[in-house]
Amino acid sequence: MEAAPRAAVSHHVIRRTAARTNVRAAVVWAVIAVYAFAVGVHVMPNTAIRRAFARPANAVAVPLFAQRWNLFAPAPPTANLSTLMLVRYTLHGVVHTSQLVDLSAKVRRASTWRPWAPPRLVRVVSKYNVAFEEQAWADEREAFRHNIRLNAKLPAWFAGEVARRRARNLTEYGRVLSAAAPAGAPAGAAIMSVRGLVVRTPLVPFAQRHSKPQTATIALADPDAPARLVQPGVVGGRGTMVVFDSGWLSYDKGVAEMAP
Amino acid sequence: MIRRVSGPHVHLVGAAIARVLLGVGALHFYLSNYSHRAFVLGPHSYLTHTRGPTLYSLAHSPASFEVVFHLGIVAAAAFTLFGGRPLAAAHAVMFWSAYARNPDIFDGGDTFGRIAAIILIAAITNAYFAPGAKRRRDHLKPDSWSSFAHNGAVVLLGFQIVVVYLSAGLQKATGSPWIAGSALYQISQLRDYAFVHWTPLLTNRAVVVPLTNAIVVLEVGFPIAIWTRARVPWIAACALMHAGIAVTMGLVGFAFNMWAGLAICLTDEELIRAGTRLPSRFRSRAVQRRQRTRAPATPAPLR
């Protein structure tokens, strides 16, 4: 007599438990599906699918899960980029300009000195080196498109456009140089301004791997030479060139010191 | 499909190992930037903007910045040692804040660590290698919201590591230096990553071509290999690749984070089996107990 209702109850409990399990599984799989769609589209190359779904995918992926996995792909860099810094300071009332300080070499040394816990300063300096090189090539292409000669005086509108595009990077670059400037001036000097040159030194191609790599000879005759987009011939060595010159930037005393 | 996220908790050992490795990776990040913390993350940093909401934007003075930065270290250390969802959330918030303050100093490994830290909030990361792990394992309930969340997090983290390798591998496979086999020679000349001067070794075509192509094959083949019998050796090869990158390119934090992603792809049985092969001083107490309780292999009585 009692067996039938108990069986009915247990059957009911089993069905309810199964339904609950299915609901939970559906919720979890929905989350997984949304994540897979958003991240899948977010990291996809620029194809028609990406263009069609980029907006909803990025709305989910970018705020918390922004990512890019082109680790030395599709091709590793073909050149080393370095920042060379000049510091202008007054000492005992006389204005001096420092020798060129290889800031990139300094931060690289700081990294290799602690190979198991290298500080990320290299990434900071390299970020601006890469950005300025990319911008220099983009500006050069733009100049050719408008038939503007880069080795002559730039038209005001073009110079203004170039300055506007670089404004934020240049402000931050000035702060990076300011943070490192005390290392380029003697103790007791009052630093006035800083200037950075981004130098590109091509790597030795694999086909020429047995040739001896040339060391660039750096010779900046006039520290007040005007800033140009691309200055071939300022730095010696095969293919080595200055791809960016910040010009003199005012020294920012407020930024925390880098001391590479 | 439903079975993958329902039922008992899966990959508990992998989640615990991932927690320890991600925590160590985050500690490595904080400590390697310790001497320059004010310059890269502080209120007087070189950066004039933040990427998103961050606790560092609340730190307007050097003293309050020091508090936030050191809280990040404490959260990462506590997450590494104890695990668990609240500590995973605390670490994820602190690590995200560092990223939002300055994404420039995050390499690929830190990016993976930042994403994995968020996903691991849903996972049970303290069922092994944490104080009270045994008691916690005894109280795990299958088919609860907790188990669904944990198993879902394992699937998400597995998917994420597949995205990393597939995306990186496919992009490499479209680049001529990777196809020609000279990419590693090129990378070895980059001064930003010149921790070991191994360019002369890579001028040898017999060395550089197989090494370069092996990286592409490992990365592109990863999503398929983890569904086959080749899973364990493939994952071991990927782990070895990251060890090589850590030594030659100085990307130590990258290795810790990627090893964490690889650990989550291994089942509990595979990891425990690997644990039994370790010398006894490196074996966890759980593995040693499991070995002790196993029935001794006695010969059958003669009849």
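Everything below is about the structure printed above this text.
Residues numbered from 1 in each chain as written. Chains lettered and ligands numbered in written order. Predicted model: local features only at pLDDT ≥ 70, side-chain atom pairs only at ≥ 80, totals over all residues.

(A) Expanded view of the pairing of strand β2 (residues 94-97) of chain A. Residues and elements named next belong to chain A. In this structure, strand β1 (residues 79-91) lies alongside β2, joined through four bridges in antiparallel fashion. The residue bridging T90 from the neighbouring strand is V95, located in β2. What sits between β1 and β2 in their antiparallel hairpin is a turn of two residues, with H92 showing a positive phi close to 55°. (Pairing = 2+ DSSP bridges. Helix = DSSP H or I, 4+ residues; strand = E, 2+ residues; numbered from the N terminus.)

(B) Inspection of the nonpolar core at higher detail. Ranked by internal contacts, the top residues of the largest apolar core, which has 140 residues, are A18(B), L21(B) and A116(B). The greatest single-element share of this core, amounting to 13 residues, is contributed by helix α2 (residues 12-32) of chain B. Counting only domains with at least three residues in this core, you end up with domain 1 (3-65) and domain 2 (79-250) of chain A. Aside from chain neighbours lying at most four places away, what touches A116(B) is A18(B), L22(B), L157(B), Q160(B), A260(B) and G261(B). (Core = buried A, V, L, I, M, F, W, Y, C linked by C-beta atoms within 7 Å. Buried ≥ 20, exposed ≤ 12 C-beta atoms within 10 Å, placed from the backbone. Domains from an automatic or database assignment. Contact = placed C-beta atoms within 7 Å.)

(C) Local environment of helix α13 (residues 231-249) of chain B. Residue and element names in this part refer to chain B. Between its first and last C-alpha, α13 extends 26 Å over 19 residues, near the 27 Å set by a 1.5 Å rise per residue. Within the sequence span of α13, burial applies to W234, I235, C238, H242, I245, A246 and M249. The buried residues of α13 occupy an angular sector of 125° when the element is viewed end-on, so they sit on one face. Along α13, exposed side chains directed more than 90 degrees from the buried face belong to P233 and L240. Looking at the buried residues of α13, the elements they touch are α12 (205-225) and α14 (252-263). Downstream of α13 by a residue or two, G250 has a phi angle that is positive, lying close to 75°. (Expected span 1.5 Å × (residues − 1). Arc of directions from axis to C-beta.)

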